[in-house]
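# Examining the three-dimensional arrangement
Chain by chain, the residues run as shown.
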Amino acid sequence: MKNPKNLFKAALRARKHQLGIWNTIGGNAVPELLGGAGFDWVLIDCEHSPVETLDVLPALQAIAGDPTTSAVVRPAANDPVLFKRLLDFGAQTLMVPYVQTAEEAAAAVSAMRYAPRGIRGMAGMTRATRYGKVDDYYTIAEEELCLIVQLETQTALDNLEAIAETDGVDAVFIGPADLSASMGIPGQMNHPDVQSAIKNAFERLKAMSVPYGILTLDPDAAGNYMSQGTAFTAVGVDLALLADAVAALKERF
């Protein structure tokens, strides 16, 4: 059996924009709904939600119900133990939060790779290997794995080139919320200084031909970011969409 192709990584390489949505509600029903909603990718968030590592497996299985939708998983931290489990579950694309230096980026890369190029632990009977059916998985796995690192602070932006140039980093995600906090204006993602920093980061990444992405719940901001060349843009969060719909329904009546 061949190693399943990573459509998200292929689209990055083809410079094809991908529209995404965030999954923060646990279980498999919501990921299944989101996976069939027509978005290019669904992010399963283990950092800022009650979704635990074990919950990722059924979420991946649910999203896989639509073979045209890619699953991206955000682990709770840049931790090789978490990476090992998520990759064994069959996650092919990880978005790693709060990367601030090239050394931290390199550590994430190492956790994605088997020895001698990295430190990922080996196991045979996993969903990633299709329970032992993928031919020569250990030598070809890296070809279909994709690593996105999140730059969320001024320190990270200061180190942008060194992080983005790290061998094994496939894309960069800019986190506006934490960036605003690190700049001393927490929660003000639309502040001119924050927007200027984001635009500057995009320009530097574009000059390096490194794909970059972002999340925003503001449709106008999303359009603006896409016009600035984002390769992947998330435009909604399941819990926020539910809260808005509930509030609107209650207000109507």
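Since we're looking at a predicted model, the values are computed, not measured. (Residues numbered from 1 in each chain as written. Predicted model: local features only at pLDDT ≥ 70, side-chain atom pairs only at ≥ 80, totals over all residues. Heavy atoms only, no water.)

### Things to note about the overall build of the chain
Selection rule: Put simply, DSSP marks the helices as runs of H or I at least four residues long and the strands as runs of E at least two long, and each gets a number from the N terminus on. Each residue gets one of three labels from its accessible area relative to the maximum for its type: buried under 20%, exposed over 50%, partly exposed in between, using a 1.4 Å probe on protein chains only. By definition in these notes, contact holds between two residues if any of their heavy atoms fall within 4.5 Å. Here, Shrake-Rupley sampling with a 1.4 Å probe gives the accessible areas, and only protein chains in the shown set may cover a residue.
Scanning the chain from terminus to terminus reveals 12 helices and 8 strands. The C-alpha extent of the chain, read off along each of the three principal axes, is 50 × 50 × 30 Å. By residue count, 47% of the 253 residues in the chain fall in the buried class. Taking all contacts inside the chain whose residues are at least 6 apart in sequence as the whole, residues at least 24 apart take part in 61%. Counting every atom, the chain has about 11,900 Å² of accessible surface; 56% of that belongs to carbon and sulfur.

### Observations regarding helix H4 (residues 80-88)
Where we set the bar: Think of a polar contact as two N or O atoms within 3.5 Å of one another; within protein, one of them needs to be a possible hydrogen donor and the other a possible acceptor, and neighboring residues in sequence only count if both atoms come from side chains.
All of the buried residues in H4 are Leu82, Phe83, Leu86, Leu87 and Asp88. In this fold, the buried residues of H4 make contact with helix H3 (53-63), strand E3 (70-74), strand E4 (93-96) and helix H5 (102-112). The backbone nitrogen of Val81 has a side-chain oxygen 2.8 Å away, supplied by the residue at the start of H4, namely Asp79. Positive backbone phi, approximately 105°, marks Gly90, located one or two places after H4.

### Some remarks on unusual backbone geometry
Cis geometry marks the peptide bond from Ala115 to Pro116; its omega dihedral reads 10°. Tracing the chain through its elements places Pro116 in the loop between H5 and helix H6 (137-140). The backbone of Arg130 sits at a positive phi, close to 55°, despite the residue not being glycine. You can see Arg130 is positioned in the loop between H5 and H6. Positioned with a positive phi, Ser209 is a non-glycine residue whose angle comes to about 60°.

### Quick look at the packing of aromatic side chains
Under the convention used in this document: Note on aromatic contacts: the rings of Phe and Tyr and the six-membered ring of Trp form a pair at centre separations within 6.5 Å, being stacked when their planes are under 30 degrees apart, edge-to-face when over 60 apart, and tilted otherwise.
Summed over the entire model, instances satisfying the criterion amount to 11 aromatic pairs. Plain terms: the ring middles of Trp22 and Phe173 are 5.8 Å apart, the flat faces sit at 35° to each other, and that makes the pair tilted. Taken as a pair, Trp22 in strand E1 (residues 18-23) and Phe173 in strand E6 (residues 171-174) lie far apart in primary sequence, 151 residues in all. The exposure classification of Trp22 matches that of Phe173, with both residues buried. Taken together, the aromatic side chains of Phe8, Trp22, Trp41, Phe173 and Phe232 make up a single cluster linked through ring pairs.

### Some details on the pairing of E6
Just so we agree on the cut-off: Between any two strands, at least two bridges found by DSSP are needed for them to pair.
Covered by surrounding structure in E6 are Ala171 and Phe173 together with Val172 and Ile174, the residues of both alternating faces. Where E6 meets strand E7 (residues 212-215), 3 bridges bridge the pair, whose relative direction is parallel. Following the sheet pairing, Phe173 is matched in E7 by Gly213.

### Remarks on the packing of H4 against H5
Applicable threshold: Interaxial angles span 0 to 180 degrees and are taken between N-to-C directions of axes, which are lines fitted to C-alpha atoms, for helices over the stretch in contact. With the far helix as reference, a near helix turned anticlockwise by less than a right angle produces a left-handed crossing, and one turned clockwise produces a right-handed crossing. Any residue outside Ala, Val, Leu, Ile, Met, Phe, Trp, Tyr, Cys, Pro, Asp, Glu, Lys and Arg is labelled polar, Gly included; the first ten of those are nonpolar and the last four are charged.
Axis separation between H4 and H5 bottoms out at 9 Å; the angle between their running directions is 40°. The chirality of how H4 crosses H5 is right-handed. In contact with Pro80, Phe83 and Leu87 of H4, H5 contributes Ala108, Ala111 and Met112. Considering only residue class, the contact of H4 with H5 consists of 6 nonpolar, no polar and no charged.

Distances and angles like these do not, on their own, reveal function.
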